[in-house]
Amino acid sequence: AESNVPSGRNGAVTWVDKNGNLWLFGGSGFLDGSGLNGQPINDLWRYDIINQKWTWMNGENKWSNDSNTARFGNWGTKGVEAESNVPSGRHDAVTWVDKNGNLWLFGGYGFAEGGGISELRLNDLWKYDISTGYWTWVSGQKTVSNLHLSGQWGTKGEGLPDNVPSARYESIGWSDDDGNFWLFGGHGYDYDGTMMRLNDLWRYDISTGYWTWMSGEKDWSSDQSTPLYGVWGTKGI
């Protein structure tokens, strides 16, 4: 509808689909009639470039104390697409688009299952199928328990089913020519659960569904000798 428009927000995430339409998810902002500002939300919008209209596609538009709401989401069963699935409210997540035009979402700062109204760093990976309009929880943790120890780096350069980046937000991401997803850093937890700015590089193999820790560090060192501080080497080399 011409009158449709997302609420004011910051820290939302975006995609562009294969047809050039613009997609918007969550952030911290307002919901319909709530008057609350700065709350993580989980509504998904599409802006049609041709007709220049917004469509509210998924997620919640009102606050509720119900467990299946804009705050708390519904993860469903890992790997199983369902109409009732929806990510929890969050901001500053990471996004990718796969070769089929599906939308992918990782982590951010928002709500975990069982976490009440406390905002947390997250490491759940989601896929939104454009053709069905359904979300799938693909990997990562959904519960509040031990989110600070949620990462599993494994061996550098080796993709394994149990590997997963730690909970974090404000990371950055890319897609390569083979359709794999890449993730770098962010503000989250190292291997020991210490909160800090991270410099680990990850690849998600879209064909196997495995995460691989590719570069950077997983541990913090109080003596500032760790490469978590960066190693510049010689400029240009």
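Residues numbered from 1 in each chain as written. Predicted model: local features only at pLDDT ≥ 70, side-chain atom pairs only at ≥ 80, totals over all residues. Heavy atoms only, no water.

1. Some words on the side chain of aspartate 43
Then, in step 1: Mapped onto the fold, aspartate 43 is located in strand E4 (residues 39-48).
Then, in step 2: Owing to a relative accessible area of 4%, aspartate 43 belongs among the buried residues under this scheme.
Then, in step 3: Within polar-contact distance, the side chain of aspartate 43 engages the side chain of arginine 9 at 2.8 Å.
Then, in step 4: Dropping the residues within four chain positions of it, aspartate 43 is found in contact with Arg9, Leu24, Phe25, Gly26, Trp56, Asn58, Gly59 and Glu60. (Helix = DSSP H or I, 4+ residues; strand = E, 2+ residues; numbered from the N terminus. Buried < 20%, exposed > 50% of the residue type's maximum accessible area, 1.4 Å probe, protein only. Polar contact = N/O pair within 3.5 Å; in protein donor to acceptor, adjacent residues only side chain to side chain. Contact = heavy atoms within 4.5 Å.)

2. Brief notes about the pairing of strand E9 (residues 120-129)
Regular strands place their side chains on alternate faces of the sheet.
Then, in step 1: By the criterion of burial, E9 is predominantly enclosed, with eight of the 10 residues buried.
Then, in step 2: Pairing between strand E8 (residues 103-110) and E9: seven bridges, direction antiparallel. Within E9, the position partnered with leucine 105 by the bridge is tryptophan 126.
Then, in step 3: Counting the residues between successive antiparallel strands, the hairpin from E9 to strand E10 (residues 134-139) contains four residues, one of them, glycine 133, with a positive phi of roughly 80°. (Pairing = 2+ DSSP bridges.)

3. A word on the side chain of aspartate 98
Then, in step 1: Tracing the backbone through its elements, the reader meets aspartate 98 in the loop between strand E7 (94-97) and E8.
Then, in step 2: No salt bridge is formed by the buried aspartate 98, whose closest oppositely charged neighbour, lysine 127, lies at an N-O distance of 5.6 Å.
Then, in step 3: Within polar-contact distance, the side chain of aspartate 98 engages the backbone nitrogen of asparagine 100 at 2.9 Å.
Then, in step 4: Within the structure, aspartate 98 has its side chain in polar contact with the side chain of tryptophan 104 (distance 2.9 Å).
Then, in step 5: Among residues more than four places away in sequence, those in contact with aspartate 98 are Trp104, Lys127, Phe181 and Ile206. (Lys, Arg positive; Asp, Glu negative; His and termini not counted. Salt bridge = Lys/Arg side-chain N within 4 Å of Asp/Glu carboxyl O.)

4. Observations concerning the pairing of strand E14 (residues 195-205)
Then, in step 1: Among the 11 residues in E14, eight count as buried, and that is most of the element.
Then, in step 2: For strand E13 (residues 181-189) and E14, the ladder comprises eight bridges, and the chain directions are antiparallel. Each residue of the ladder has a partner; that of glycine 188, found in E14, is methionine 196.
Then, in step 3: Joining the antiparallel neighbours E13 and E14 is a turn of five residues, in which glycine 193 adopts a positive phi near 85°.
Then, in step 4: Both E14 and strand E15 (residues 210-215) contribute to a ladder of five bridges, which runs antiparallel. Note that in E15 the partner of leucine 201 across the bridge is serine 215.
Then, in step 5: Turn length for the E14-E15 hairpin, with the two strands adjacent in sequence and antiparallel, is four residues, and the turn residue glycine 209 shows positive phi of about 75°.

Purely geometric stuff here, so don't read any function into it on its own.
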